[in-house]
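So the chains spell out like this:
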Amino acid sequence: MKFKVKIIVKLKDSIKDIQGKTLHTVLKRNDIDINDTINVGKYFELEINAPCIDCAKNEIDNIAREYLSNPVLEQFKILEILEL
Amino acid sequence: MKAAIIVFPGTNCDKDTYKALKHIGWEPQYVWHNETDLKGFDVAILPGGFSYGDYIRAGRLAKFSPILEELKRFIKDKQGFTLGICNGFQILCESKLLPGALTYNKSGRFICEDAQLSFKNRTITLPIAHKEGCFTCDDNTLETIKNRDMDIIKYITNYNGSISDICGLYNKEFKIFGLMPHPERAILPHASSNDGKTIFDFIKEKLNV
């Protein structure tokens with residue numbers, strides 16, 4: 001079976017988001033009325049082969065934890081798993 | 001002193017390190033990251049640069065290179081000393097060989113300075129050049145670092161927002177040293193500081209060579 005997966009990785013709330021803060025400064029400078037809670041993260045789309053949906057979930061969890069994020073700094077969320 | 005300089009795609013301080021080590025009489029040798037053998041080396045060095053282009057995160061993809069498995073063996077067997085400089089320190093943290101992680105500088109800027117740091121009860125000057133050099137960890141990890149058999153190397157002035165002014169960590173038991181400043185850039189005669197030798201002399205002392 002083949003699955004398409006969408007994952008986001010962003011900093012934990014306890015880690016200061018310097019990129020978000022910089023973006024906020026630029027937006028404010030351009031008179032955009034915005035709150036300072038900007039989170040900058042990364043978005044991943046990948047396709048994976050697995051014998052079942054649960055196997056796919058386990059493998060995706062492992063990929064997100066080991067390859068795409070660092071648990072000291074970041075959190076990840078699996079947005080969607082679609083069977084192709 | 002036989003030193004392996006481990007080179008990843010995107011490493012760019014390998015030649016600086018090689019020349020610096022030659023200058024102080026060591027025997028450096030480049031080791032490509034796909035290789036799997038560190039036998040015969042006294043020191044393994046992960047030099048600075050942008051391994052794998054810093055893709056995903058600084059140091060993230062390098063931890064999956066074949067040489068990292070051999071480096072873990074090198075460390076476990078206490079074969080010698082491991083030094084990670086700048087990106088090398090990031091790789092050591094990403095690989096969980098040292099605790100914590102390095103994230104964006106508090107200022108959000110790339111910092112290039114001659115930094116003063118406290119090392120072995122004296123102040124030395126070493127260049128820093130990084131954007132993700134802010135050492136971060138949770139309170140429990142910080143306590144563990146302080147209580148464990150681990151030395152903390154601190155900036156005199158905290159340039160990047162690191163917790164507890166940390167610019168380097170040294171695991172005494174397994175001889176693993178991670179350092180954001182660049183000792184190899186403070187060795188050759190043209191450098192603004194020659195304090196880099198202090199770090200390499202420290203390594204030599206720890207190996208009793």
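Here, every reference points to the structure presented above.
So, here's what we can say about the structure. (Residues numbered from 1 in each chain as written. Chains lettered and ligands numbered in written order. Predicted model: local features only at pLDDT ≥ 70, side-chain atom pairs only at ≥ 80, totals over all residues. Heavy atoms only, no water.)

## Describing the overall build of chain B
Here is the rule: Strands are runs of DSSP state E lasting at least two residues, helices are runs of H or I lasting at least four, and both sets are numbered from the N terminus onward. By the convention used here, residues are in contact when the closest approach between their heavy atoms is within 4.5 Å. Here the Shrake-Rupley method, with its probe set to 1.4 Å, supplies the accessible areas, and only the displayed protein chains count as covering residues.
Along the backbone of chain B there are 5 helices and 11 strands. Across its three principal axes, chain B shows a C-alpha extent of roughly 40 × 35 × 35 Å. Within chain B, contacts between residues separated by at least 24 positions form 70% of all contacts whose residues are at least 6 apart in sequence. Total accessible area computed for chain B in this model is approximately 8800 Å², and 46% of it derives from carbon and sulfur atoms.

## Looking at the overall build of chain A
In plain terms, the rule: Only the C-alpha atoms count toward the radius of gyration. The rule for a globule is 2.2 Å times the residue count to the power 0.38. The rule is simple: take the accessible area with a 1.4 Å probe, protein chains only, and divide by the maximum for that residue type; under 20% is buried, over 50% is exposed, in between is partly exposed.
Along the backbone of chain A there are 2 helices and 3 strands. Walking chain A from its N terminus toward its C terminus, one meets helices and strands in the order β-α-β-α-β. What you see for chain A is a C-alpha radius of gyration of 16 Å, clearly larger than the 12 Å of a compact globule of 84 residues, by over 25%. Out of the 84 residues belonging to chain A, those deemed buried represent 27%. Partitioning the intrachain contacts of chain A with sequence separation of at least 6 by distance along the chain shows that 77% fall at a separation of at least 24. For chain A, the accessible surface area stands at approximately 5500 Å², while carbon and sulfur atoms represent 49% of it.

## Some points on the interface of chain B and chain A
Note the threshold: Throughout this description, the term salt bridge denotes a Lys or Arg side-chain nitrogen within 4 Å of a carboxyl oxygen of Asp or Glu. Two N or O atoms form a polar contact when they lie within 3.5 Å of each other; inside protein one atom must be a possible hydrogen donor and the other a possible acceptor, and for residues adjacent in sequence the pair counts only when both atoms belong to side chains. When residue character is reported, Ala, Val, Leu, Ile, Met, Phe, Trp, Tyr, Cys and Pro are called nonpolar, Asp, Glu, Lys and Arg charged, and the others, Gly included, polar.
If you look at the interface, chain B gives 17 residues, while chain A gives 14 residues. Ionic pairing is found between A:Glu74 and B:Arg60, a salt bridge with its closest N-O pair at 3.4 Å. Applying the counting criterion to the chain B and chain A interface returns 7 residue pairs in polar contact (both at pLDDT 80 or more). Top contributing element to the side of chain B that touches chain A by residue count: strand β5 (residues 101-103) of chain B, with 3 residues. Looking at the side of chain B that touches chain A residue by residue, the class counts come to 6 nonpolar, 6 polar and 5 charged.

## A word on the state of the cysteines
Threshold: Any pair of cysteine sulfurs within 2.5 Å is marked as a disulfide.
Under the counting rule described, the total for this entry stands at 1 disulfide over all chains. In this model, A:Cys52 is linked to A:Cys55 through a disulfide, with the two sulfur atoms separated by 2.5 Å. Across the disulfide from A:Cys52 to A:Cys55, rotation about the S-S bond amounts to roughly 85°, and the bridge is consequently right-handed. Judged by its relative accessible area of 30%, A:Cys55 falls in the partly exposed class. With no disulfide partner, B:Cys13 has as its closest neighbouring cysteine sulfur the one in B:Cys86, 6.8 Å distant.

## Overview of the pairing of strand β1 (residues 2-7) of chain B
Within a regular strand, side chains alternate between the sheet's two faces. Residues and elements named next belong to chain B. Worth spelling out the cut-off: Crossovers are described as right-handed under a simple rule: with the strands pointing away from the observer, the path leading from the first strand over the helix to the second runs clockwise. Think of it this way: DSSP has to see at least two bridges between two strands before they count as a pair.
Burial analysis of β1 places 5 of its 6 residues in the buried class, the great majority of the element. Note that the unit made of β1, helix α1 (residues 14-23) and strand β2 (residues 27-32) has a crossover that is right-handed. Bridge count for β1 against strand β3 (residues 43-46) is 3 bridges, and the pairing is parallel. By the bridge assignment for β3, Ala4 is matched with Ala44.

## So, the nonpolar core
Keep this limit in mind: As used in this record, nonpolar core signifies buried Ala, Val, Leu, Ile, Met, Phe, Trp, Tyr and Cys residues forming a set joined through side-chain atoms within 4.5 Å.
Among the nonpolar cores identified, the biggest contains 63 residues, and B:Leu38, B:Phe177 and B:Ile203 are the most heavily contacted of them. Those residues in contact with B:Ile203 that sit more than four places away from it in its chain are B:Met1, B:Trp26, B:Val43, B:Phe81 and B:Leu83. Judged by nonpolar contacts, the second largest core, of 12 residues, contains A:Val9, A:Phe44, A:Ile48 and A:Ile60.

## Things to note about the layout of surface pockets
The condition that has to hold: A cavity here means a set of 1 Å grid points, computed over protein atoms only, where a 1.4 Å probe fits but cannot escape. A pocket is an open set with protein on both sides within 12 Å along at least 5 of 7 lines, and lining residues have an atom within 4 Å of a point. Grid points are joined across faces, edges and corners, and a volume is the space filled by probe spheres set on the points.
By volume, the largest pocket is sized at about 310 Å³. Along its surface, the largest pocket is lined by 18 residues, and A:Ser14, A:Ile15, B:Thr136, B:Cys137 and B:Ile163 are the ones closest to its centre. Split into classes, the residues belonging to the lining of the largest pocket amount to 8 nonpolar, 6 polar and 4 charged.

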